[in-house]
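# A look at the structure
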Amino acid sequence: MNTDVASTRLKLASMLYCKGDLQLAADVLEDVERRYDNSVQAMCGCGRMDPFVVKPHELFTEAVNEENVDILSTNKVAYCVRFLPQEAFCVPPFLHYDMIRAVRNATHHMHRAERLWMNWAVVDSRQFLHYLQYLTFRGLGLRHKQLQALLSLRDSSFDGIAHDQVYHHETGAHLLAHCYEMENRSGAALVLYQASLMDMPRNNAANLHIRRLTSTQ
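Read on for an overview of the structure. (Residues numbered from 1 in each chain as written. Predicted model: local features only at pLDDT ≥ 70, side-chain atom pairs only at ≥ 80, totals over all residues. Heavy atoms only, no water.)

### Describing the overall build of the protein
The helix and strand inventory of the protein stands at eleven helices and four strands. Buried positions account for 47% of the 217 residues belonging to the protein. Of the contacts formed within the protein by residues at least 6 apart in sequence, a portion of 66% connects residues at least 24 apart. For the protein, the exposed surface amounts to about 11,200 Å²; the carbon and sulfur share of it is 55%. (Helix = DSSP H or I, 4+ residues; strand = E, 2+ residues; numbered from the N terminus. Buried < 20%, exposed > 50% of the residue type's maximum accessible area, 1.4 Å probe, protein only. Contact = heavy atoms within 4.5 Å. Areas by Shrake-Rupley, 256 points an atom, 1.4 Å probe, with all protein chains shown as cover.)

### Some words on helix α6 (residues 125–140)
Residues lying three or four places apart along an α-helix face the same way, a consequence of the helix completing one turn every 3.6 residues. Helix length check: α6, at 16 residues, gives a terminal C-alpha distance of 22 Å against a target of 22 Å (1.5 Å per residue), a fit within 8%. Counted residue by residue, α6 has twelve buried out of 16 residues, so it is predominantly covered. For α6, the full list of buried residues reads Ser-125, Gln-127, Phe-128, Leu-129, His-130, Tyr-131, Leu-132, Gln-133, Tyr-134, Leu-135, Thr-136 and Phe-137. Two or three places before Arg-126, at the start of α6, stands the capping residue Asp-124, its side-chain oxygen 3.0 Å from that residue's backbone nitrogen. Looking one or two residues beyond α6, the residue adopting positive phi is Gly-141, at roughly 75 degrees. (Expected span 1.5 Å × (residues − 1). Polar contact = N/O pair within 3.5 Å; in protein donor to acceptor, adjacent residues only side chain to side chain.)

### Thoughts on the environment of Val-28
Along the chain, the position of Val-28 falls in helix α2 (residues 22–35). The spatial distance from the C-alpha of Val-28 to the C-alpha of Lys-11 is 10.0 Å, given a sequence separation of 17 residues. Val-28 has contacts with Arg-9, Leu-12, Ala-13 and Leu-16, leaving out every residue within four places of it along the chain.

### Observations concerning the nonpolar core
As a rule of thumb, nonpolar side chains are buried together in soluble globular proteins. Counting residues in hydrophobic clusters, the biggest one holds 49 residues, and the most contacted among them are Leu-10, Phe-83, Phe-128, Tyr-131, Leu-175 and Tyr-193. With residues up to four places along the chain from it excluded, the contact list for Tyr-193 reads Phe-94, His-174, Ala-177, His-178, Glu-181, Ala-206, His-209, Ile-210, Arg-212 and Leu-213. (Core = buried A, V, L, I, M, F, W, Y, C linked by side-chain atoms within 4.5 Å.)

### Section: the packing of aromatic side chains
Evaluation of the coordinates by the stated rule reveals three aromatic pairs. For the pair Phe-83 and Phe-128, a centre-to-centre distance of 5.8 Å together with 70 degrees between the ring planes defines the contact as edge-to-face. Pair noted here: Phe-83 is in strand β3 (residues 81–83) and Phe-128 is in helix α6, with a separation of 45 residues, a long-range link. Here Phe-83 matches Phe-128 in class, with each residue buried. Measuring from ring centre to ring centre gives 6.2 Å for Phe-94 and Tyr-97, while their planes differ by 55 degrees; the resulting arrangement is tilted. Tyr-97 sits in the partly exposed class, given a relative accessible area of 25%. Through a chain of ring-to-ring contacts, three or more aromatic side chains come together here, namely Phe-94, Tyr-97 and Tyr-131. (Phe/Tyr/Trp six-rings, centres within 6.5 Å; stacked < 30°, edge-to-face > 60°.)

### What to know about the state of the cysteines
In protein chemistry, a disulfide is the covalent bond that joins the sulfur atoms of two cysteines. Inspection of the entire model under this criterion finds zero disulfides. Cysteine Cys-80 is unpaired, with the sulfur of Cys-44 as its nearest cysteine sulfur at 3.7 Å. (Disulfide = S-S within 2.5 Å.)

### A word on the packing of α6 against helix α7 (residues 143–158)
Close contact between α6 and α7 brings their axes to 8 Å; oriented N to C, the two are set at 160 degrees. Accordingly, the angle class assigned to the pair α6 and α7 is roughly antiparallel. α7 is crossed by α6, and the crossing has left-handed handedness. Note on element contacts: α7 touches α6 through Lys-145, Gln-146, Ala-149, Leu-150, Ser-152, Leu-153, Ser-156 and Ser-157, opposite Arg-126, Gln-127, His-130, Tyr-131, Gln-133, Tyr-134, Phe-137 and Arg-138. (Axes fitted to C-alpha atoms, helices over the stretch in contact; angles between N-to-C directions. Parallel < 35°, antiparallel > 145°, perpendicular 65-115°, else oblique. Left-handed = near helix turned anticlockwise from the far one by under 90°.)

### Here's the deal with the environment of Cys-80
Examined against the element boundaries, Cys-80 turns out to sit in the loop between β2 (77–79) and β3. Once residues within four sequence positions are removed from consideration, Cys-80 is found in contact with Ser-7, Met-43, Cys-44, Val-122, Val-123, Ser-125, Tyr-167 and His-168.

### Comments concerning helix α1 (residues 7–19)
Relative to the 18 Å expected for 13 residues at 1.5 Å per residue, α1 spans 19 Å between its end C-alpha atoms, a close match to the ideal helical length. Residues Ser-7, Arg-9, Leu-10, Ala-13, Ser-14 and Leu-16 constitute the buried set of α1. Contacts from the buried residues of α1 go to α2, β2, β3 and α6. Immediately beyond the C-terminal end of α1, within one or two residues, lies Gly-20, with a positive phi of roughly 95 degrees.

### What about unusual backbone geometry?
Look at His-168: it is not a glycine, yet its phi comes out positive at around 55 degrees. Positive phi is not limited to glycine here, since Asn-184 has a value of about 60 degrees.

Any link to function would need more than the numbers given here.
As structure tokens, then:
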């Protein structure tokens, strides 16, 4: 549980949500949100993060100077959340599409690091936090909190400063689109899926989502 600020705790919350233990999931999510303050640095080990290009934000840099290096990862770093195919039972069903997004003959152009996680569901911690909040509060009937989670997820996708601290943008866009679907805003969802596909034409679950959504219209 102490590998970083968010990722393993979010996997626990996801498992609880899938089990139907919504209040326990909400409690874990509240704990993650409390820990995930503005000084936390998102990091990605999936080949999406270039250490020579990414610059840590100012508050994280200050924390590096103040914190003991041994506890820096525990308190100030948030890794991506990764689900292997064997963990599909504790992944919200919508993310199962990510596990089948890879087209076999279209992965050869990728470097090895990216090919490794093509059949995983991998998502940025902050965006997954807000998506799980939306699902959990929806299940608990807490409409105000549900809408607040939706706004937070939207901001993490479109706010310029927050966007620079997010990885796996296409998956985050899909999570937001799915929330729009649940809000009966299929048109807005379709726009997000199409934009995602324009940005990443290959091995993108947006292909599946567009077919799924347009076949029901």
